[in-house]
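Structural characterization, general
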Amino acid sequence: MERLNNRGLNEMRPLDFVLDVAPHATASVLSCFGNTRVICSVTIEEDVPRWMKAQKVEGGWLTAEYAMLPYSTLDRKKRDSAAGKQDGRSVEIQRLIGRSLRAVMDLEALGARTVWVDCDVLQADGGTRTASITGAAVALAIALNRIMAKGLITTNPMRQLVSAVSVGKLAGTPLLDLCYVEDRDAEVDMNIVMTEGGQYVEVQGSGEEAVFTAEEMGQMLALASEGIAAITKAQKEAIARADQPTAADFNSLKDFFTKN
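Every residue gets a number counted from 1 within its own chain, in the order that chain's sequence is written. Local features in a predicted model are, by the rule used here, given only for residues with pLDDT of at least 70; side-chain atom pairs are given and counted only at 80 or more, and totals for whole chains, interfaces and linings are based on all residues. Neither water nor hydrogens contribute to the side-chain values; these are computed over all heavy atoms in the structure.

1. Quick notes on the overall build of the protein
Note the cut-off: Secondary structure counts use DSSP, requiring at least four H or I residues in a row for a helix and at least two E residues in a row for a strand, with both numbered from the N terminus. Based on C-alpha atoms, the radius of gyration is set beside the globule rule, defined as 2.2 Å times the residue count to the power 0.38. Any two residues having at least one pair of non-hydrogen atoms within 4.5 Å are treated as being in contact. Throughout, the Shrake-Rupley method with a 1.4 Å probe supplies accessible areas, and for residues the shown protein chains are the sole cover considered. His residues and chain termini do not enter the charge count, which takes Lys and Arg as positive and Asp and Glu as negative. All charge positions are set by atom: Lys at NZ, Arg at CZ, Asp at CG, Glu at CD.
In terms of regular secondary structure, the protein is built from 8 helices and 9 strands. The C-alpha radius of gyration computed for the protein amounts to 18 Å, which stays within 12% of the reference 18 Å derived for 260 residues, consistent with globular compactness. When the backbone C-alpha atoms are referred to their principal axes, the protein occupies close to 55 × 40 × 40 Å. Sequence separation of at least 24 residues holds for 69% of the intrachain contacts in the protein that already meet a minimum separation of 6. Summing over all exposed atoms, the protein offers an accessible surface of approximately 12,700 Å²; the carbon and sulfur share of this is 51%. Looking at the protein, you have 28 positive and 35 negative side-chain charges, and the mean spots of the two groups are 5 Å apart.

Structure follows, in structure tokens:
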């Protein structure tokens, strides 16, 4: 089958991580999976939640928030504050982001600190949760490196990178990294969260009024592993250039705001 933009069945959309787009955060990344764009910021506070103090829990905590901005979709999305309650989908996704990042963290090594992860979707074209987890992991790694450089911690609490990618079955064919149109029409939709070492953190999958076999699931998981390997490589390259901004970072940000 032919895909949009002539992508191969096992080919990711163009990946890009534009660094430090929110200068008041400890670290921030514009995570781009094709036309899906999410600002992922990490802010580290020298305090822990009240429940940790009350229960005398050692170490720190990491929590995440996720929101789709009103103009991120073709039809304006009402703000949660206007509706008077948080959208159930947003709650589910922010919990997934938090679980995914905590899975690779040594919270005791973090010390008595809280890591706030904020993921705000600027433009949605499928895979906003996967772009959020992936970009948040980059921002988290950079933020922790920065507080280590200041001598605030001596051991990096992040044991390894984590990232996520979508897979699915469309017209009977397994695909990697679905855009919105593919996701909308897919018979099967899955989101896979994995560490750089190849361990699974979470697998979310369902048939959209369809079913799938163990063989098809194996094919989709194999595609996800390929995608995670490519994502991890891009994550490491982004982390390596942190605090050394390049013309490519500036041009990527400029292109986003002038072409979208």
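2. Observations concerning the sheet that holds strand 7 (residues 173–176)
Put simply, the rule reads: When DSSP finds at least two bridges between two strands, those strands are taken to pair. Lines fitted to C-alpha atoms define the axes here, with helix axes fitted over just the stretch in contact, and angles between the N-to-C directions of these axes take values from 0 to 180 degrees.
Here we have 4 strands laid out as an open sheet, ordered 7-6-8-9, and antiparallel in their pairing. Of all strands in the sheet, those with a lone pairing partner are strand 7 and strand 9 (200–207), marking the two edges. Each neighbouring strand pair of the sheet contributes to a mean axis angle of 15°, computed without reference to strand direction. The pairing of strand 8 (residues 188–195) with strand 9 spans 7 bridges and is antiparallel. By the bridge assignment for strand 9, Ile 192 is matched with Val 203. Lying over the sheet, helix 3 (residues 88–102) contacts strand 6 (162–170), strand 8 and strand 9, oriented at roughly 150° with respect to strand 9. Contacts between helix 7 (residues 214–240) and the sheet are confined to strand 6, strand 7, strand 8 and strand 9, with strand 6 contributing the most and set at about 145° to the helix.

3. As for helix 5 (residues 128–149)
Given 3.6 residues to a turn, an α-helix orients residues that are three or four positions apart in the same direction. The line we're drawing: Multiply 1.5 Å by the residue count of a helix minus one, and that product is the helix's expected span. The buried label goes to any residue with under 20% of its type's maximum accessible area, the exposed label to any with over 50%, and the partly exposed label to all in between, with areas taken from a 1.4 Å probe on protein chains only.
The end-to-end C-alpha distance of helix 5, which contains 22 residues, comes to 31 Å, matching closely the 32 Å that a straight helix rising 1.5 Å per residue would cover. Most of helix 5 is tucked away, with 19 of its 22 residues classed as buried.

4. Examining the pattern of salt bridges
To keep things clear, this is the line we draw: Any Lys or Arg side-chain nitrogen found within 4 Å of a carboxyl oxygen on Asp or Glu counts as a salt bridge.
Per the stated rule, a full pass over the model turns up 13 salt bridges. Among the salt bridges present, the one from Glu 202 reaches Arg 99, with a minimum N-O distance of 2.7 Å. One end of the pair, Glu 202, is in strand 9; the other, Arg 99, is in helix 3, with 103 residues separating them in the sequence. For Glu 202, a relative accessible area of 18% corresponds to the buried category. Several salt bridges share partner residues, and in doing so they unite Arg 3, Arg 7, Arg 13, Asp 177 and Glu 182 into one network.

5. Considerations on the environment of Val 121
Checked against the element boundaries, Val 121 lands in strand 5 (residues 114–123). As for Val 121 and Lys 56, which are separated by 65 residues in sequence, their C-alpha atoms are 36 Å apart. Apart from residues lying up to four places away in sequence, Val 121 is in contact with Arg 37, Val 38, Tyr 66, Ala 67, Met 68, Leu 69, Ser 72 and Thr 128.

6. Here we look at the packing of helix 5 against helix 7
The condition that has to hold: Helix crossings get a hand from a simple test, with the near helix turned counterclockwise from the far one by less than a right angle marking a left-handed crossing and a clockwise turn marking a right-handed one. Only Asp, Glu, Lys and Arg are considered charged in this grouping, and only Ala, Val, Leu, Ile, Met, Phe, Trp, Tyr, Cys and Pro are considered nonpolar; every other residue, Gly among them, is considered polar.
Contact geometry of helix 5 with helix 7 gives a least axis separation of 10 Å together with a crossing angle of 35°. The interaxial crossing formed by helix 5 with helix 7 has right-handed handedness. Across from Thr 134, Ala 137, Val 138, Ala 141, Ile 142 and Asn 145 in helix 5, the residues of helix 7 making contact are Ile 231, Gln 235, Ala 238 and Ile 239. For the contact of helix 5 with helix 7, the class distribution of residues is 7 nonpolar, 3 polar and no charged.

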